[in-house]
Amino acid sequence: IICILLAYYVKANRIYHVPESAASMLVGVVLGGVARLATTDLTLFKFSPEFFFFVLLPPIIFEAGYSLKRKHFFDNIGAITLYA
């Protein structure tokens, strides 16, 4: 919910030098830091690498690709197809 509100704030105030995905990752870093400082037992906050790669990473990549301008996409089509 925080990330959705932050994305709305970024779009509403035209803060285009910070992508929504980067702002969402910063929210995660801040919340993770607060959770780490607030508690000593972190077993609740552990997740597997599969969870990250299959659940969290695809929306980040999708948003980055969705917000990419067409000209920039075709300027970098070689690198995109190389990594795909």
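Refer to the structure presented above.
Residues numbered from 1 in each chain as written. Predicted model: local features only at pLDDT ≥ 70, side-chain atom pairs only at ≥ 80, totals over all residues. Heavy atoms only, no water.

Enumeration according to the criterion identifies two aromatic pairs in this entry. Ring geometry for Phe52 and Phe53: centres 5.2 Å apart, planes at 75°, overall edge-to-face. For Phe52, a relative accessible area of 29% translates into the label partly exposed. When the ring of Phe73 is compared with that of Phe74, the centres are 5.1 Å apart and the planes differ by 80°; the resulting orientation is edge-to-face. (Phe/Tyr/Trp six-rings, centres within 6.5 Å; stacked < 30°, edge-to-face > 60°. Buried < 20%, exposed > 50% of the residue type's maximum accessible area, 1.4 Å probe, protein only.)

What follows deals with the pattern of salt bridges. For the coordinates displayed, the defined rule picks out one salt bridge. In this structure, Lys71 and Asp75 form a salt bridge, with 2.9 Å as the shortest nitrogen-oxygen distance. Taken together, the residues span about one helical turn, with Lys71 and Asp75 both in helix H4 (residues 70–75) at a distance of four residues. A relative accessible area of 58% places Lys71 in the exposed class. Exposure remark for Asp75: the relative accessible area of 51% places this residue in the exposed category. (Salt bridge = Lys/Arg side-chain N within 4 Å of Asp/Glu carboxyl O. Helix = DSSP H or I, 4+ residues; strand = E, 2+ residues; numbered from the N terminus.)

These figures come from the coordinates and say nothing about function on their own.
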